[in-house]
Amino acid sequence: MGIGLSLVPVVDFFAERRFRSAGLQPYTIPVDHETTVACWLSQSPKQPPSLPPLVLIHGFGPRSTWQWRCQVGPLSRHFSLIVPDLVFFDGSTSTSPLRSEAFQADALARLLEHLGLDDQPVSVVGTSYGGFVAYHLARALGPSRVDKVVIASSDLLKGEADDQALRNRGNVGSVAELLLPKEAEKVRTALNLAMYQPPRYIPDFVIRDMIQNLYKDKIEEKMELIKGSTIGKENFELTPIPQDVLIIWGEHDQIFPLDKAHEVKRILGEKSEKVKLEIMQKTGHMPQTEDPTRFNQILLDFLLNK
């Protein structure tokens, strides 16, 4: 009889250790009668922030501790960090029937209110799907509540043609097969598309572990989030926002190709000094983990006005 071995708790341990070393602690906060948000905070929810508050919003895939583990250390020296798990990821739940990015943004807005930040501006950083949420949050709350906005690897102009092109690149029938893979082959395909230099070899037992412990949690609700996305739908129009915006994109992103970065910048403000685009060489869809030193420096230069 084989012995079950999971590496996910090991990665969890080291990712969470980075968070705790940066001074963050986990909390679970009911933001209304329907929704509870799990998050990591630099300070107790009852304490006012001692540094400017900064929200890090993850994308689809592993939990927030995995996606932001390379950022919390350097950023915590300058900001009071708020790192939530979006609704239906890890410990965040809701009985609401809503599934759009605007719903996710509203949950985060309520979280900020519970943290006493309803009259203090925050900056936000969102990657991939988290970029969709960051944009909605900034547009909904306005410049008095949201100061600077970072959109990383996030195609705010994504449409059906883009989804079809991604399906063709991945040789899959639906985008969900890449975002919520159920087979080892699909995990490898997703990694090859997402990373500039994907791992040359991953044992099958590691991939099965990832599928079982990362992608099956709340899978029905996450499928509904994919279907409920408003980006690229007729009822959503990308418009400029008044905040300073930084767009970060991996040069070799095969999830959202680089040409879309230029299109997003054109709509948000092609000639405006308030919108900047930084292209990271030798990275794909996850520049924050592929080249964290460069990514963190770009973030800090923008957020600290360097």
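Look up a bit, the structure's there.
Residues numbered from 1 in each chain as written. Predicted model: local features only at pLDDT ≥ 70, side-chain atom pairs only at ≥ 80, totals over all residues. Heavy atoms only, no water.

Peer 1: Please provide a residue-by-residue account of the overall build of the protein chain, values included.
Peer 2: In terms of helices and strands, the protein chain carries 13 helices and nine strands. A globule of 306 residues ought to have a C-alpha radius of gyration of about 19 Å, and the protein chain, at 18 Å, matches this closely. Referenced to the eigenvectors of the C-alpha coordinate spread, the extents of the protein chain come out at roughly 55 × 40 × 40 Å. Taking all contacts inside the protein chain whose residues are at least 6 apart in sequence as the whole, residues at least 24 apart take part in 74%. In the structure as shown, the protein chain presents an accessible area of about 14,300 Å², 51% of it carried by carbon and sulfur atoms. If the 34 positive side-chain charges of the protein chain are averaged to one point and the 38 negative ones to another, these points end up 4 Å apart. (Helix = DSSP H or I, 4+ residues; strand = E, 2+ residues; numbered from the N terminus. Rg over C-alpha atoms; globule rule 2.2 N^0.38 Å. Contact = heavy atoms within 4.5 Å. Areas by Shrake-Rupley, 256 points an atom, 1.4 Å probe, with all protein chains shown as cover. Lys, Arg positive; Asp, Glu negative; His and termini not counted. Charge placed at Lys NZ, Arg CZ, Asp CG, Glu CD.)

Peer 1: Tell me what's going on with the side chain of Lys148, and back it up with residues and numbers.
Peer 2: Relative to the assigned elements, Lys148 resides in strand E7 (residues 146-152). Summary of buried charges: Lys148 has no salt-bridge partner, and the nearest side chain of opposite charge, Asp244, is 4.8 Å away. Engagement of the side chain of Lys148 in a polar contact is seen with the backbone oxygen of Phe302, the distance being 2.8 Å. When near neighbours in sequence (up to four residues on either side) are disregarded, Lys148 contacts Val122, Ser123, Val124, Asp244, Phe302, Leu303 and Asn305. (Buried < 20%, exposed > 50% of the residue type's maximum accessible area, 1.4 Å probe, protein only. Salt bridge = Lys/Arg side-chain N within 4 Å of Asp/Glu carboxyl O. Polar contact = N/O pair within 3.5 Å; in protein donor to acceptor, adjacent residues only side chain to side chain.)

Peer 1: Lay out the side chain of Asp253 in plain terms, naming residues and giving numbers.
Peer 2: Within the element layout of this structure, Asp253 appears in the loop between strand E8 (244-250) and helix H11 (259-269). Look at Asp253: it is buried, it has no salt bridge, and the nearest opposite charge is Arg169 at 6.9 Å. Side-chain polar atoms of Asp253 contact the backbone nitrogen of Ile255, separated by 2.8 Å. Looking at Asp253, its side chain comes within polar contact range of the main-chain nitrogen of Phe256, at 3.0 Å. Every residue in contact with Asp253, bar those within four places of it in the chain, is listed here: Ser153, Leu258, Thr283, Gly284 and His285.

Peer 1: Outline a nonpolar patch on the surface, listing residues and values.
Peer 2: Together, Leu5, Leu7, Val10, Phe13, Phe14 and Phe205 make up an exposed nonpolar region whose accessible area comes to about 560 Å². At three residues, the largest contribution of residues to the nonpolar patch is made by helix H1 (residues 8-21). Within the secondary structure layout, Leu7 lies in the segment before H1. Assessed through its relative accessible area of 32%, Leu7 is described here as partly exposed. (Patch = residues over 30% accessible without salt bridge, like charges linked within 9 Å, V, L, I, M, F, W, Y side chains within 5 Å.)

Peer 1: Can you break down the pairing of strand E3 (residues 53-57) residue by residue, with the values?
Peer 2: Where burial is concerned, most of E3 is hidden: five out of the five residues are buried. Here E3 shows no split at all, with Pro53, Val55 and Ile57 on one side and Leu54 and Leu56 on the other all buried. Where E3 and strand E4 (residues 80-84) come together, three bridges link them in parallel fashion. Residue pairing across strands places Leu54 opposite Leu81, the latter belonging to E4. Here E3 runs beside strand E6 (residues 122-127); their pairing, made up of four bridges, is parallel. Looking at E6, one finds that Val55 is bridged to Val124. (Pairing = 2+ DSSP bridges.)

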